[in-house]
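# Notes for the structure review
One-letter residues, chain by chain:
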Amino acid sequence: MGRPFSEHVASDEWRRVAEDWIGEQLASCGRVLTGEITQPRVRPWSTQLVVPTDQGTLWFKANCASMAFEPLLHAELARIVPDAVDAPFAIDAERGWIVTADRGTTLGDSHEPTAEDWRMLLAETARIQRVVADHRQELIATGLPDCSPITVPERFDRIVHTFAGLPAHHPSHVSPDVEVELRAKRDAIADAAQLLVEGSLPATWQHGDLHPWNVFAPAGAGLRIFDFGDGQWSHAVEVLSVPYGWIEARTELAWGDLVDAYTDVWGITVSELSGQWSATALTQPVNRALTWWACLAGATAAEWKEWGDAPLYHLKRVLEP
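Figured I'd write up the structure that's included with this text. (Residues numbered from 1 in each chain as written. Predicted model: local features only at pLDDT ≥ 70, side-chain atom pairs only at ≥ 80, totals over all residues. Heavy atoms only, no water.)

### Quick word on the overall build of the protein
To keep things clear, this is the line we draw: A run of H or I in DSSP counts as a helix once it spans at least four residues, and a run of E counts as a strand once it spans at least two, with each numbered from the N terminus. Restricting the calculation to C-alpha atoms gives the radius of gyration, and the globule rule supplies 2.2 Å times the number of residues raised to the power 0.38. Burial status follows relative accessibility: with a 1.4 Å probe on protein chains alone, a residue under 20% of its type maximum counts as buried, one over 50% as exposed, and anything between as partly exposed. The contact criterion used is simple: two residues touch if any of their non-hydrogen atoms lie within 4.5 Å.
Of the regular secondary structure elements, the protein holds 14 helices and 9 strands. Rg of the C-alpha trace for the protein: 20 Å, near the compact-globule value of 20 Å for 321 residues, within the 12% margin. With the C-alpha coordinates of the protein rotated into their principal frame, the extents come out at 60 × 50 × 40 Å. For the protein, buried positions account for 51% of its 321 residues. The contacts of the protein with a sequence gap of at least 6 include a subset with a gap of at least 24, amounting to 71%.

### Description of helix H3 (residues 70-80)
Summarising burial for H3: 8 of the 11 residues are buried, a large majority. Within H3, the full set of buried residues consists of Glu70, Pro71, Leu73, His74, Glu76, Leu77, Ala78 and Ile80. Turning to H3, the residues buried within the fold contact strand S3 (58-63), strand S4 (90-92), strand S5 (97-101), helix H5 (115-132), helix H6 (136-141) and strand S6 (203-206).

### Here's the deal with the packing of helix H9 (residues 186-197) against helix H12 (residues 270-295)
Condition: Lines fitted to C-alpha atoms define the axes, with helix axes restricted to the stretch in contact, and inter-axis angles between N-to-C directions lie between 0 and 180 degrees. Any angle between 65 and 115 degrees counts as roughly perpendicular, while under 35 counts as roughly parallel, over 145 as roughly antiparallel, and the rest as oblique. With the far helix as reference, a near helix turned anticlockwise by less than a right angle produces a left-handed crossing, and one turned clockwise produces a right-handed crossing.
Following both chains from N to C, one finds H9 and H12 inclined at 125 degrees, their axes separated by 9 Å at the closest point. Here H9 is positioned oblique relative to H12, judged by the angle of their axes. For the crossing formed where H9 meets H12, the hand is left-handed. Contacts between H9 and H12 pair Ala188, Ile189, Ala192, Ala193, Leu195 and Leu196 from the former with Gly275, Gln276, Ala279, Thr280, Leu282, Thr283 and Val286 from the latter.

### Concerning the packing of aromatic side chains
Our working rule: Geometry of aromatic contacts follows a simple scheme: Phe, Tyr and Trp rings, the Trp one being its six-membered ring, pair when their centres are within 6.5 Å, and the pair is stacked under 30 degrees between planes, edge-to-face over 60, tilted otherwise. In this analysis the charged atom, NZ for Lys or CZ for Arg, is taken to sit over a ring once it is within 6 Å of the ring centre and within 35 degrees of the ring normal.
In this structure the tally under the stated criterion is 15 aromatic pairs. Summarising the aromatic geometry, the rings of Phe60 and Trp97 are spaced 5.3 Å apart at their centres and angled 65 degrees between planes, so their arrangement reads as edge-to-face. Of this pair, Phe60 sits in strand S3 while Trp97 is found in strand S5, placing the two residues 37 residues apart along the sequence. Each member of the pair Phe60 and Trp97 is classed as buried. Ring-pair connections join several aromatic residues into one group, and the members of that group are Trp14, Trp21, Phe60 and Trp97. A cation over an aromatic ring shows up here: Arg250 above the ring of Trp246, its NZ or CZ 3.7 Å from the ring centre.

### Observations concerning the sheet that holds S4
To keep it simple, the criterion reads: DSSP-based pairing: two strands are paired if at least 2 bridges between them are found.
Strand order across the open sheet formed by 5 strands is S1-S2-S3-S5-S4, with antiparallel pairing between neighbours. With partners counted over all chains shown, the strands left at the sheet margins are strand S1 (38-42) and S4, one partner each. On average, adjacent strands in this sheet sit at an angle of 20 degrees to one another, irrespective of strand direction. As defined by bridge partners, S3 adjoins S5 across 5 bridges and the pair is classed as antiparallel. When the sheet's bridge partners are listed, Ala62 is paired in S5 with Trp97. Its contacts with the sheet put helix H2 (residues 12-28) on S1, strand S2 (46-51), S3, S4 and S5, and the angle it makes with S2 is roughly 50 degrees.

### Things to note about unusual backbone geometry
A positive phi angle, close to 65 degrees, is found at Asp227, a residue other than glycine. Relative to the assigned elements, Asp227 resides in the loop between strand S8 (224-225) and strand S9 (232-235).

### A few points about H5
Because the α-helix completes a turn every 3.6 residues, residues three or four places apart line up on one side. Our working definition: Any helix carries an expected span of 1.5 Å times its number of residues minus one.
In this model H5 runs 26 Å from its N-terminal to its C-terminal C-alpha over 18 residues, within 8% of the 26 Å that 1.5 Å per residue would give. All buried positions along H5 are accounted for by Asp117, Trp118, Leu121, Leu122, Glu124, Thr125, Ala126, Ile128, Gln129 and Val132.

### Observations regarding the nonpolar core
Stated formally: Here, nonpolar core refers to any group of buried Ala, Val, Leu, Ile, Met, Phe, Trp, Tyr and Cys residues whose side-chain atoms link them within 4.5 Å.
Within the largest apolar cluster, 38 residues are counted, with the highest numbers of intra-cluster contacts made by Leu73, Leu77, Leu139, Trp205, Leu240 and Tyr262. Contributions of two or more residues to this core are made by H3, H5, helix H10 (241-250) and helix H11 (260-266). For Trp205, the contacting residues outside a window of four places in its chain are Leu73, Leu77, Thr125, Ile128, Gln129, Val132, Leu139, Phe228, Gln232 and Trp233. Ranked by size, the runner-up nonpolar core spans 26 residues in total, among them Val9, Ala18, Trp45 and Val99.

### Some remarks on the side chain of His211
Inspection of the secondary structure assignment puts His211 in the loop between S6 and strand S7 (215-216). Excluding its chain neighbours within four sequence positions, the residues that come into contact with His211 are Trp118, Leu121 and Trp246.

### So, the pairing of S1
Across 3 bridges, the pairing between S1 and S2 is antiparallel. Its bridge partner lying in S2, Val42 is registered against Thr47.

On their own, these measurements won't tell you what the molecule is for.
Rendered as structure tokens:
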């Protein structure tokens, strides 16, 4: 196994190479660095550098191997829906590097998101999904994981087998008793996947971590969604899982007062959504477990201790009533 991602991107050698590349991108556009490049955060899956220039701040992001598709995906989404996703300033697809312009404060940081903020975000997401649903080939070509409903049962089998084979002390180890419970849900997961294949909404781009802290709302420019590393090509309704969990756990807002903003754009009723929403309660956890497992592949022992139960946590959500 190679060097853990977070140790690699914290090294002086990596910083030198990354900053040299950033300097080349600035020079090609006539920008001038006006201060020190800083590294405010390092995670097992990504790191960011803040780049002050004479024409505004830029953000550099480097992703771990499983999320290295993000720069190409971001660029492709910006091409398809330029009114919703800003084109990146520069990318290095091979290394999973992207530079974007600072758009100010996120919607979530600007104020406590209101019901109207959430409704705008859900509606805008549905609008993007409708547009990109016809662009599967282009998005999959970027490296976006194909987690469409038909792929879920086999993925579930593979993940359960993998987690059950982990050492007992591993934070995502599936014990024999839990393995039995999980395998007993296999038919239900397969049925849910088939329902989604036949449902009224398609597979399309799914953000994976949709909330107001991953969107800007610059004055007069509409919402600008960013942070696409958790993305997948999956059933459209899976995108609602994170907003639903966020709203239920962290706000006093009522989900029932918000979700029609999403269904209205798709041209379906909330009642029509219901069966597909229930089905994604069995498919989305499997796909989310994959994201977490993959992004921790290059984690340190300390990082596995901090975040390593996340893959199992999401997988076990299929056991919830």
